[in-house]
Amino acid sequence: MTVVVNPARVAQGAEAFPSLASLMTGRLPSEVTWEHPLGPPLPDGNLTLAEILGQAGYDSGAVTSHPSFDRVGGLPQGFKRHDHSAAIHHFDGRGIASPRVERASRAMLARLRPPFFFWAHFEDPGAPYMPRPVDRFGKRDVDRYDGEVADTAAQVGALLRWIDARGIGPAI
């Protein structure tokens, strides 16, 4: 399995939607065609990576929890399969999204046929910070944020180990 990590940790935009649109299209936010200034929806005229890979014969699936990945936002454009059931909007009473994303990802990956492009979007962490089952870092916002980062990293790690154990790669 190959895991690609960006050590620079640079966002393409100052907010989530322009950054995500940039990741999906491979274009800077200033180069993306917008219906509204740097906001949803992503118009169909923007060619996404999922569409390009689909034209090349790739199967594709996305499991998302970020609100911008709903059908209104347009970010799932081009994915043949899309599961947004893990979506959380922080105040919807459904709790922490990461375990639901991991479970839905396993189900999605079982349905995809090689070659494929798979996108898993973990909404956690994000303000307002959700209380964790164990507040091991403290009770301040920054402590709850640290808890969200640690818990999300654990869920991503569990999914990557599951993928590796099944030989699903080779590239992620």
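What you are looking at is a predicted structure, and each value in this text was computed from that prediction instead of being measured.

Attention shifts here to the pairing of strand β1 (residues 59–63). Where burial is concerned, most of β1 is hidden: five out of the five residues are buried. Burial of β1 is two-sided: the residues D59, G61 and V63 facing one way and the residues S60 and A62 facing the other way are all buried. In the sheet, β1 pairs with strand β2 (residues 81–83) via three bridges, with the strands oriented parallel. Bridge pairing in β2 places V63 opposite D83.

Further remarks concern the pattern of salt bridges. Applying the stated criterion to the full structure yields four salt bridges. Among the ionic pairs, R140 bridges to D143, the shortest N-O distance being 3.0 Å. The exposure class assigned to R140 is exposed, which follows from its relative accessible area of 55%. Across the pair R144 and D141 runs a salt bridge whose closest N-O atoms are separated by 2.3 Å. Separated by three residues within a single helix, R144 and D141 lie in helix α4 (residues 141–165), roughly one turn from each other.

Looking at the protein chain, the pLDDT average stands at 82 and 84% of residues meet or exceed 70. Ranking the elements of the protein chain by mean pLDDT puts α4 last with 87 and helix α2 (residues 49–55) first with 96.

Moving on, we come to unusual backbone geometry. Cis peptide bonds are those with omega within 30 degrees of zero, and the linkage from P114 to P115 qualifies with -10 degrees. Note on placement: P115 falls in the loop between α3 (98–111) and β3 (116–120).

Moving on to the nonpolar core. L75, F79 and W119 are the most contacted members of the largest nonpolar core, which totals 15 residues. Listed by contribution, the elements that provide at least two residues to this core are α1 (16–25), α2 and β3. Apart from the residues within four sequence positions on either side, L75 is in contact with F17, L20, A21, M24, L42, S68 and F69. Core analysis: the next-biggest nonpolar cluster, separate from the first, contains 13 residues, V63, A86, M108 and I163 among them.

For the rest of this paragraph, the subject is α3. With 14 residues, α3 extends 20 Å from end C-alpha to end C-alpha; this agrees with the ideal 20 Å at 1.5 Å per step. Those residues of α3 not exposed but buried are S98, R100, V101, E102, A104, S105, M108 and L109. The inward-facing, buried residues of α3 contact β1, β2, β3 and α4.

Cut-offs used in this document
- Within each chain, residues carry numbers counting from 1 in the order of the written sequence.
- In keeping with the predicted nature of the model, local features appear solely for residues at pLDDT of at least 70, side-chain atom pairs appear and are counted solely at 80 or more, and the whole-chain, interface and lining totals rest on all residues.
- By convention in this description, side-chain values take in all heavy atoms of the structure and omit both hydrogens and water.
- Accessibility here uses a 1.4 Å probe with only protein chains present; expressed as a share of the type maximum, an area under 20% marks a residue as buried, one over 50% as exposed, and anything in between as partly exposed.
- Counting from the N terminus, the helices are the DSSP runs of H or I reaching at least four residues and the strands are the DSSP runs of E reaching at least two.
- Here a strand pair is declared whenever DSSP counts at least two bridges between the two strands.
- Just to be clear on terms, a salt bridge is a Lys or Arg side-chain nitrogen sitting within 4 Å of an Asp or Glu carboxyl oxygen.
- Every residue carries a pLDDT, the predictor's confidence in it, which falls somewhere between 0 and 100.
- Residues belong to one nonpolar core when they are buried, are Ala, Val, Leu, Ile, Met, Phe, Trp, Tyr or Cys, and are joined through side-chain atoms within 4.5 Å.
- Note on contacts: a residue pair is in contact if any heavy atoms of the two residues lie within 4.5 Å.
- What a helix should span is 1.5 Å times the count of its residues minus one.

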